[in-house]
Amino acid sequence: ACVRPYALEVREGIVFIWCADGLPTKDPPASPDDLDANAGDFDVYDFVVELPYDHSYLVENLADPAHIPISHDRTPGGGKRENAEAYVMEVDEATSDGFRGRFRPESKPADSEKSWQDLIFEAPGVVRYRGTPIENFVFGGALHCMPL
């Protein structure tokens, strides 16, 4: 019997396998904070959730921060429907590989950096959030949406 070897790499606790001939043509997604090399600098909480819909629907939902008060109304750590409001979103860079931008609730001042959160979408399914540092704390999220 013969087992065919495939290129693989572990990135952010996820095993990526290149199931094609030759070497990978693209690296797996990596956090701008390099979570693999700097893991000791962060508190990381990993979890897996299987959802009954296509990953593209999930990506669209996660890239829209205004969904939180509506979709997660009254859930632990979620939002409250009465806090729903419009968001201002700016796209700084967009390519076929995704986009980078930032967002803030419309009620927060535009001239305050503390009002903004970074948003990165890496095609086909990684959505990253990063808040503005407050003292020694920064909230961020790396959401990997993969079809199963």
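You'll find the structure just up there.
These notes cover the structure that comes with them.

Basis of the calculations
- Residues numbered from 1 in each chain as written.
- Predicted model: local features only at pLDDT ≥ 70, side-chain atom pairs only at ≥ 80, totals over all residues.
- Heavy atoms only, no water.
- Phe/Tyr/Trp six-rings, centres within 6.5 Å; stacked < 30°, edge-to-face > 60°.
- Helix = DSSP H or I, 4+ residues; strand = E, 2+ residues; numbered from the N terminus.
- Buried < 20%, exposed > 50% of the residue type's maximum accessible area, 1.4 Å probe, protein only.
- Lys NZ or Arg CZ within 6 Å of the ring centre and 35° of its normal.
- Core = buried A, V, L, I, M, F, W, Y, C linked by side-chain atoms within 4.5 Å.
- Contact = heavy atoms within 4.5 Å.
- Pairing = 2+ DSSP bridges.

1. Things to note about the packing of aromatic side chains
Applying the stated criterion to the full structure yields four aromatic pairs. Each ring, one from F99 and one from F121, has its centre 5.7 Å from the other, and the planes form 40°; the classification is tilted. In this pair, F99 is assigned in strand β4 (residues 98–105) and F121 in strand β5 (residues 117–122), connecting sequence segments 22 residues apart. Owing to a relative accessible area of 25%, F99 belongs among the partly exposed residues under this scheme. Accessibility expressed as a relative area gives 16% for F121, which makes it buried. Geometrically, the ring pair formed by F103 and Y129 is edge-to-face, given 5.7 Å between the ring centres and 85° between the ring planes. On the criterion of sequence distance, the pair formed by F103 in strand β4 and Y129 in strand β6 (residues 126–130) is long-range, its members being 26 residues apart. Among the residues examined, F103 registers a relative accessible area of 4% and is labelled buried. What links up through ring pairs into an aromatic cluster is the set Y87, F103 and Y129. Seen from the ring of W116, R102 lies directly overhead, with NZ or CZ sitting 3.8 Å from the centre.

2. A word on the nonpolar core
In terms of nonpolar packing, the biggest core is built from nine residues, these being L58, V59, L62, F103, L119, F121, V127, Y129 and C145. Listed by contribution, the elements that provide at least two residues to this core are α1 (55–62), β5 and β6. Sort the elements by how many residues they give to this core and α1 lands first, with three residues. When sequence neighbours within four positions are dropped, the list of residues in contact with L62 reads H67, V127, Y129, L143 and C145.

3. Some words on the pairing of β5
Sheet topology note: the β4/β5 ladder contains six bridges and is antiparallel. Among the inter-strand pairings, G98 is bridged to a residue of β5, identified as E122. With five bridges connecting them, β5 and β6 associate as antiparallel partners. Note on β6: the bridge partner recorded for I120 is R128. Counted between consecutive antiparallel strands, the loop separating β5 from β6 contains three residues.

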